[in-house]
Amino acid sequence: MSPSHDLTRALQAAAETGRPAVDPGADLARARHAMHARARRRVRTGLVGVAAAAVLAVGTVAVLDRSATDPAGVELVAQRFEATPYTFDLTPQGWSVQAQQPWAVTIVPDDGSTSEDPDVFVGKLVIMFDANRPDGRVVDHDGRRFWVSGDSGYTTLATRTRAGEPSGVVRIQYPADAGWDERSMVDFLASVHVGAGAQQGSG
Amino acid sequence: MRDSERSAEFVVFVRAHRADLLRTATLLCAGDDAFAEDVVQTTLTRLYLSWGRVRRADVPLAYARRSITHVFIDEARLAHRRRETTLADPTEALAAEPTVGTTDLVLREIVLGALASLGPRQRAVVVLRHWHDLDVAETARVLGCSTGTVKSQNARALAHLRDVLGATDHQLSLEVS
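Residues numbered from 1 in each chain as written. Chains lettered and ligands numbered in written order. Predicted model: local features only at pLDDT ≥ 70, side-chain atom pairs only at ≥ 80, totals over all residues. Heavy atoms only, no water.

For chain B, the count of helices and strands is nine helices and one strand. The order of α-helices and β-strands along chain B, N terminus first, is α-α-α-α-α-α-α-α-α-β. Relative to its 177 residues, chain B shows a buried fraction of 50%. In chain B, once contacts between residues fewer than 6 apart in sequence are set aside, the share between residues at least 24 apart is 66%. Accessible surface for chain B amounts to roughly 8000 Å². Of this, 52% is attributable to carbon and sulfur atoms. (Helix = DSSP H or I, 4+ residues; strand = E, 2+ residues; numbered from the N terminus. Buried < 20%, exposed > 50% of the residue type's maximum accessible area, 1.4 Å probe, protein only. Contact = heavy atoms within 4.5 Å. Areas by Shrake-Rupley, 256 points an atom, 1.4 Å probe, with all protein chains shown as cover.)

The next thing to look at is the overall build of chain A. The number of helices and strands found in chain A is four helices and 13 strands. Here chain A, with 203 residues, has 49% of them falling under the buried criterion. Taking contacts inside chain A between residues at least 6 apart in sequence as the whole, the part at least 24 apart equals 48%.

This paragraph deals with the packing of helix α7 (residues 120–130) of chain B against helix α9 (residues 147–166) of chain B. Residues and elements named next belong to chain B. As a packed pair, α7 and α9 sit with axes 9 Å apart at the nearest point and diverge in direction by 95°. Classified by the angle their axes make, α7 and α9 are roughly perpendicular. Listed contacts from α9 to R121, Q122, V125, V126, R129 and H130 of α7 are V150, Q153, N154, R156, A157, L158 and L161. (Axes fitted to C-alpha atoms, helices over the stretch in contact; angles between N-to-C directions. Parallel < 35°, antiparallel > 145°, perpendicular 65-115°, else oblique.)

Okay, the pattern of salt bridges next. What the rule picks out here adds up to 15 salt bridges over all chains. Between R145 of chain A and D140 of chain A there is a salt bridge; the shortest N-O distance is 2.8 Å. In this structure, R18 of chain B and E37 of chain B form a salt bridge, with 2.7 Å as the shortest nitrogen-oxygen distance. Within this pair, whereas R18 of chain B is found in helix α1 (residues 3–28), its partner E37 of chain B is found in helix α2 (residues 33–49), the two being separated by 19 residues in sequence. For R18 of chain B, a relative accessible area of 5% puts it in the buried group. Looking at E37 of chain B, the relative accessible area reads 17%, which means it is buried. Each of the salt bridges in this network shares a partner with another, and the network as a whole consists of D27 and R30 of chain A together with R18 and E37 of chain B. (Salt bridge = Lys/Arg side-chain N within 4 Å of Asp/Glu carboxyl O.)

Going through the model one piece at a time under the given rule, you end up with six aromatic pairs over all chains. A ring pair is formed by F81 of chain A and F88 of chain A, whose centres lie 4.5 Å apart and whose planes are at 0°; its orientation type is stacked. Each member of the pair, F81 of chain A together with F88 of chain A, is buried. Judged by centre distance (6.1 Å) and plane angle (45°), the rings of F35 of chain B and F72 of chain B are tilted. Taken together, the positions of F35 of chain B in helix α2 and F72 of chain B in helix α4 (residues 60–83) put the pair 37 residues apart, joining distant regions of the chain. (Phe/Tyr/Trp six-rings, centres within 6.5 Å; stacked < 30°, edge-to-face > 60°.)

Residues and elements named next belong to chain A. The buried fraction of strand β11 (residues 154–160) amounts to six of the seven residues, a majority that puts the element mostly inside the structure. Note: β11 against strand β12 (residues 169–175), seven bridges, orientation antiparallel. When the sheet's bridge partners are listed, R160 is paired in β12 with V169. (Pairing = 2+ DSSP bridges.)

Here we take up the sheet that holds strand β4 (residues 86–88) of chain A. Residues and elements named next belong to chain A. Across the sheet, three strands lie side by side as β3-β4-β13; this open sheet has antiparallel pairing. A single partner strand is all that each edge strand has here, and the edge strands are β3 (81–83) and β13 (192–194). Each strand of the sheet is rotated relative to its neighbour by a mean of 20°, with strand direction disregarded. In the sheet, β3 pairs with β4 via three bridges, with the strands oriented antiparallel. When the bridges of β4 are listed, E82 appears paired with T87.

This next bit is on the environment of S7 of chain B. Position of S7 of chain B relative to the elements: it lies in helix α1. A residue is classified by how much of its surface remains accessible, and S7 of chain B, at 8% relative accessible area, is buried. Discounting chain neighbours no more than four positions away, the residues touching S7 of chain B are L28 and R32 of chain A together with Y48 of chain B.

With seven of nine residues buried, helix α4 (residues 182–190) of chain A is to be regarded as a mostly interior element. The set of residues buried in α4 of chain A consists of S184, M185, V186, D187, F188, L189 and A190 of chain A.

Our next topic: the confidence of the model for chain A. On average, residues of chain A carry a pLDDT of 77, and 77% of them reach 70 or more. β13 of chain A holds the highest mean pLDDT among the elements of chain A, 95, whereas helix α3 (residues 52–57) of chain A holds the lowest, 41. (pLDDT = per-residue confidence, 0-100.)

Residues and elements named next belong to chain A. Across the six residues of strand β7 (residues 104–109), six count as buried, placing the element largely inside the fold. The sheet contact formed by strand β6 (residues 95–101) and β7 spans six bridges and is antiparallel. Counterpart to V97 in the pairing with β7 is I107. If you look at the hairpin formed by β6 and β7, you'll find two residues sitting between the two strands. Examined bridge by bridge, β7 and strand β8 (residues 125–130) share four bridges and lie antiparallel to one another. Across the sheet, T106 pairs through a bridge with V126, a residue of β8.

So this is what it looks like as structure tokens:
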């Protein structure tokens, strides 16, 4: 005869991890680190505002039009970097490539406030390449068309690859609370070059 | 609020409730231990950053459970492209499980396999309604959807769980609400 279970008991059995209790010290250290990183970002935003004119004068693209509710700022500088098979003409200051794969690049803030697991995207900037049809609000910029969509605190920008690049759609997904704004993201996405080794992700 | 005070309260909270949050995350993440641990860590960090709201909550653990659901939904949505390609047919996975073991261990693997075959929001509905015992209205509020959506998602999820478990040597007796 087959055993019969009520749902609560079944969930209870499934929820048991059998793992020993963890010392709260690691959670506290992680949380305090994130709080200090947030404070540093707020200070940096002030410095970016003061230095704006000088930054523009040396040919960088700066993110200046922060709203009062956006405490953090991310600066894009005209410096090329590689995340094979992708190349970027602009570099976000204070952010670094965490993982690069033929179908995606993950970029994280240097302050350690995000997960070390490259498959966890919370708080990160993710560049993806796929064949899905772009949709959302249309923005035209520098002769190219971009689509803006998003919810739950994240925004996704999409654009078609250039002639000569692997055919498809390249996207950037970014968190709303990490100092990015749409204008700088359009600039950043427009700076992405998709190399021959890129593969379209599924989904 | 002083940092030392916040930290002291946080440590007490983590010591008391981390295991509970990890169990919730384990269900939400359908047994993906690394994903569950990451959801817990992210949630605890968010709670620390907004500790004032945790303190003001009528039931801090309930606040934390809502937070962990939001973190899971966010992460699942973000990771969806990659994760959805790795989910296998749960009944295939179960066929490879050893046939010996305690009833609870076998049941655990079966239920986690069945949960893995649900979408993230359906899984969240099951956890909120049947693990956290929230009513339909509260579940809808946590997930930011209508009560009708919660009811339909719940009904579909339970029917699916019943089907998957029915394909094994286990039966799930449950009421669709």
